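Close look at the chain arrangement
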Amino acid sequence: MDAFLFFLFAAIAVACGINLVVQTHPISSALSLIGVMGSLAVLYLLLGAEFLAAAQMIVYAGAIMVLFVFVIMLLGAEKLPAQETRPEMRWQRPLAIGLGAFLLLQVGLALALPGMRAAPEPIDASPLAIGMKLFTTYLFPFEVASVLLLAAMVGAVTLTRKD
Amino acid sequence: MLETNYFVVLAGLLFAIGAVTALTRRNAIMMFMAIELMLNAANLALVAFARQWQQLDGELFVFFVMTVAASEVAVGLALIVSIFKSRSSTDVDDLHSMKG
């Protein structure tokens, strides 16, 4: 059952990822990315990370992707002309595809090596356990992250002011 | 039955798709979405290894990666909006005024 769910949602994630590359309209790509986020949330649940699955849906699919969709509609990105490659940069696309193929080769190598056995029982990844670790061992990164979010908020407001 | 290998291979595959997208698309928002895809692939690898080695630290790292990604998206999209309000194209190849 676990294996069936894994392969189903892995296939959905890869299909949405390829759809992201192939689509011309940015809104379609944004919706494909939401599909990837959702299937990744299911994969986190399969790995026993329940808090992270919920955080993934709330933060990534529910906030970040909505921000993307708003900005795409704000800029009117669908009115872009069709992408034609400039003559002096025509070598970039085959190079990118070659590098992607090399990366895929490395991924295939990971398949060929002896696999690591999955841990027999899931770790306790409830919000209680994460909170215990977050506020003791990782207290300093937590505070720094809150300062980072404040800086991002101030920056976003400053960059979009009228004057 | 579910080996950690499978999750790592899927993470590598998603990262490769994100990398190719970031390199071949010239729309700034498309490049941003490819970066988000790469970040998610790394998150998946982190959670898989957190389960493998029975340590919660990997999942906490994912928590912080999500935080950083959220703030990066906020500032980056604000930048894109303010740059491309003055021009009419979102083509990154048009941004060459700092070219030495």
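You'll find the structure just up there.
This is a predicted model, so every value here is computed, not measured.

Parameters and conventions
- Residues numbered from 1 in each chain as written.
- Chains lettered and ligands numbered in written order.
- Predicted model: local features only at pLDDT ≥ 70, side-chain atom pairs only at ≥ 80, totals over all residues.
- Heavy atoms only, no water.
- Helix = DSSP H or I, 4+ residues; strand = E, 2+ residues; numbered from the N terminus.
- Buried < 20%, exposed > 50% of the residue type's maximum accessible area, 1.4 Å probe, protein only.
- Polar contact = N/O pair within 3.5 Å; in protein donor to acceptor, adjacent residues only side chain to side chain.
- Contact = heavy atoms within 4.5 Å.
- Buried area = accessible area lost by both parts, 1.4 Å probe.
- Salt bridge = Lys/Arg side-chain N within 4 Å of Asp/Glu carboxyl O.
- Nonpolar A, V, L, I, M, F, W, Y, C, P; charged D, E, K, R; others polar.
- Core = buried A, V, L, I, M, F, W, Y, C linked by side-chain atoms within 4.5 Å.

1. Things to note about the overall build of chain A
- For chain A, the count of helices and strands is six helices and zero strands.
- Within chain A, buried positions represent 34% of all 163 residues.

2. Details of the side chain of B:Arg51
- Counting through the fold element by element, B:Arg51 comes out in helix α2 (residues 28-52).
- Within polar-contact distance, the side chain of B:Arg51 engages the backbone oxygen of A:Leu47 at 3.2 Å.

3. Details of the interface of chain B and chain A
- Between chain B and chain A, the contact holds 70 residues from the first and 83 residues from the second.
- In this assembly, chain B packs against chain A so that about 7100 Å² is buried in total across both faces, 75% of it on carbon and sulfur atoms.
- Scanning the region where chain B abuts chain A turns up one salt bridge.
- Put simply, B:Asp57 and A:Lys133 hold a salt bridge, and the shortest N to O gap is 3.5 Å.
- For the pair chain B and chain A, the interface holds six residue pairs in polar contact (both at pLDDT 80 or more).
- Those elements giving two or more residues to the side of chain B that touches chain A turn out to be α1 (4-24), α2 and α3 (57-86) of chain B.
- Considering every element that reaches the side of chain B that touches chain A, the biggest residue donor is α3(B), with 22 residues.
- Here the residues of the side of chain B that touches chain A sort into 43 nonpolar, 16 polar and eleven charged.

4. Regarding the nonpolar core
- Of all hydrophobic cores here, the largest spans 54 residues; its most connected members are A:Leu43, A:Phe68, B:Met33 and B:Leu44.
- For this core, the elements supplying multiple residues, two or more each, are α1 (2-22), α2 (26-46) and α3 (50-75) of chain A together with α1, α2 and α3 of chain B.
- No other element matches α3(A), which puts twelve residues into this core.
- Those residues in contact with A:Leu43, other than ones at most four positions away along the chain, are A:Phe6, A:Phe9, B:Phe7, B:Leu10 and B:Leu44.
- Counting residues in hydrophobic clusters, the runner-up holds nine residues, among them A:Ala125, B:Leu56, B:Leu60 and B:Phe64.

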